[in-house]
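What follows is the residue order along each chain.
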Amino acid sequence: MSLATELNETVNIQTGEQNSSYPVVTGTYNEKGITIDKLRDTTGYVTLDVGFKNTGSTESTITFIDGEAGILEHSGYRIEELASKSSFEEVMWLLLHGELPSEAELAGFSKQLKAHRALPVGVKGILDALPDQTHPMGMLAVVLNSLSGFYPAYDDSWKSEEVKWNTIYTLLANMPGITAYIYRRSQKLPYIDADPSLGYVENFLHMMFGKVDERVVEALDRLLILHADHEQNCSASTVRFVGSSRVNLFAAVAAGSNALWGPLHGGANQAVLEMLEAIQLDGGNVDKYIAKAKDKADPFRLMGFGHRVYKNFDPRAAVIKKYVDQVLDTLEKEDPVVDIAKGLEREALKDEYFSSRKLFPNVDFYSGIIYRALGIPVSLFTVMFALGRMPGWIAQWKEMRQNGEPIGRPRQIYTGAATRAYVPMSER
Ligand code: ACO
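Residues numbered from 1 in each chain as written. Predicted model: local features only at pLDDT ≥ 70, side-chain atom pairs only at ≥ 80, totals over all residues. Heavy atoms only, no water.

This next bit is on the pairing of strand β5 (residues 71–74). For a regular strand, side chains alternate in direction, first toward one face of the sheet and then toward the other. Going residue by residue along β5, you find Ile 71 and Glu 73 tucked away on one face and Leu 72 and His 74 tucked away on the opposite face as well. Connecting the antiparallel pair strand β4 (residues 63–66) and β5 is a turn made up of four residues, with Gly 70 showing a positive phi of about 70°. Relative to strand β6 (residues 77–78), β5 runs antiparallel, the two sharing two bridges. Its bridge partner lying in β6, Glu 73 is registered against Arg 78. In sequence, β5 turns back onto β6 through a hairpin of two residues, with Ser 75 there showing a positive phi of about 45°. (Buried < 20%, exposed > 50% of the residue type's maximum accessible area, 1.4 Å probe, protein only. Helix = DSSP H or I, 4+ residues; strand = E, 2+ residues; numbered from the N terminus. Pairing = 2+ DSSP bridges.)

Structure follows, in structure tokens:
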């Protein structure tokens, strides 16, 4: 089902002697796309775009990004406004429904999330069985996959409205408990049961630390909002892609969590803090690391810098940056890596290498400093990202299923050996 408007405009493609034309569609902000699904049938050609640098994989109503202007919106609401005026529960609803909830809708949603909170006992057993050195993201993926076994009634997640929403509530409601269990297991602390009187973020903090500091609630709520969705990034595209095979939602988001784990994506928040700590241990010489990042012979990259889409600034980073000092002040904490981070940013922004490549701090550059101030260990940072991103993944999956998108199956240009005679073992 096409959502975009077809324009009275076509693009002609000349292939050899043949001239064929393709419709142009436009979105809300007049961004234009050439529809090329018939290109191969008509001409025998495919398009080649390794890494999807210029390929729209879908039409979507959930999130809009203008990377040149540094704009991020969910259903028309600017991220800066959502982060300062909404709660994470409201933003979850917005992503899932396309509208901000009324008071009654929000209350109903909170009630559902509370009702689905209990973590299956077997999930704890699975986590306990994993080796201690398993990365928290590895643990998360195992658990998300296992949920289809604990909730067999939701295996066909698109079976009915009731099944669909119960699957969604279960996933969202289980995420804080899973994250808290992973954390408490790593600290060899006993699990804390959910408290039905608490909201989503408060309850998460209660399950993590056994106490709820209101100052931390506000900071965390804001961070989760900033991570809630980011259109067709690596993990969201993975969720849509895997989900397009019509596998259950648990398996699709497990795949998304694996995509998020990588240091070029969500794993960057852990990598940033480790980088800042390494620089601190090495004497805090910012210039040395700027030089390393610019040196093509050195594999070192400035983690938390650069973005595939943002070529001006990442609006989420701008919000977080303003927030770092405020959070540290409120919590009466100091972190020596803050000065290193600010120094790196200052030097990079005036350096031609970074400005010519449009490399700016992304959401992960400062988020780790806040997570750490909130008492969250570095190895759990990417799971925290997943906690925030879960509603986005679910919204992307839901939209993909709603629109009846076909199974994702890209083409390729084959560059391997041409047909040749089979070589028997004795002749190899
Ligand atoms: N440090 C130093 N140089 C960089 C960096 C960096 N962080 N990022 C990009 N570059 C350079 C590349 O070496 C390349 O230089 P060249 O043109 O001379 O070869 C140029 O900038 C373009 O980089 P690409 O890797 O081609 O850009 P791409 O859009 O594919 O990658 C990415 C974007 C993955 C985010 C990249 O900037 C990066 O690796 N950043 C560090 C990891 C990071 O912070 N990831 C989190 C992203 S946000 C998120 O997922 C939530």
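Moving on, we come to the packing of helix α13 (residues 286–294) against helix α15 (residues 337–349). Two elements in contact, α13 and α15, have axes separated by 10 Å at closest approach and are oriented at 50°. On the basis of their axis angle, the class for α13 and α15 is oblique. With respect to the hand of their crossing, α13 and α15 are arranged in right-handed fashion. Residues Val 286, Asp 287, Tyr 289 and Ile 290 of α13 form the contact with α15, whose own contacting residues are Ile 340, Gly 343, Leu 344, Glu 347 and Ala 348. (Axes fitted to C-alpha atoms, helices over the stretch in contact; angles between N-to-C directions. Parallel < 35°, antiparallel > 145°, perpendicular 65-115°, else oblique. Left-handed = near helix turned anticlockwise from the far one by under 90°. Contact = heavy atoms within 4.5 Å.)

Glancing now at the pairing of strand β1 (residues 5–15). Bridge count between β1 and strand β2 (residues 18–26): eight bridges; the pairing is antiparallel. When the sheet's bridge partners are listed, Gln 14 is paired in β2 with Asn 19. Hairpin connection of β1 to β2: two residues between the antiparallel strands, including Gly 16 at a positive phi of 60°.

We now examine the packing of helix α12 (residues 268–281) against helix α17 (residues 363–373). One way to put it is that α12 packs onto α17 with a least axis distance of 8 Å and a crossing angle of 80°. Classed by the angle they form, the pair α12 and α17 counts as roughly perpendicular. The segment α12 lies against α17, with Ala 268, Asn 269, Val 272, Leu 273, Met 275, Leu 276 and Glu 277 engaging Asp 364, Phe 365, Ser 367, Gly 368, Ile 369, Tyr 371 and Arg 372. When its residues are assigned to classes, the contact of α12 with α17 shows eight nonpolar, three polar and three charged. (Nonpolar A, V, L, I, M, F, W, Y, C, P; charged D, E, K, R; others polar.)

The next point concerns unusual backbone geometry. With a phi close to 40°, Glu 231 is a non-glycine residue in the positive phi region. As for its position among the elements, Glu 231 is in the loop between α9 (214–226) and α10 (234–243). Here the phi dihedral of Lys 358 falls at roughly 55°; this positive angle occurs in a residue that is not glycine. With respect to the helices and strands, Lys 358 occurs in the loop between α16 (352–356) and α17. Lys 358 sits in the partly exposed class, given a relative accessible area of 41%.

Treat this as a map of the structure, not an account of what it does.
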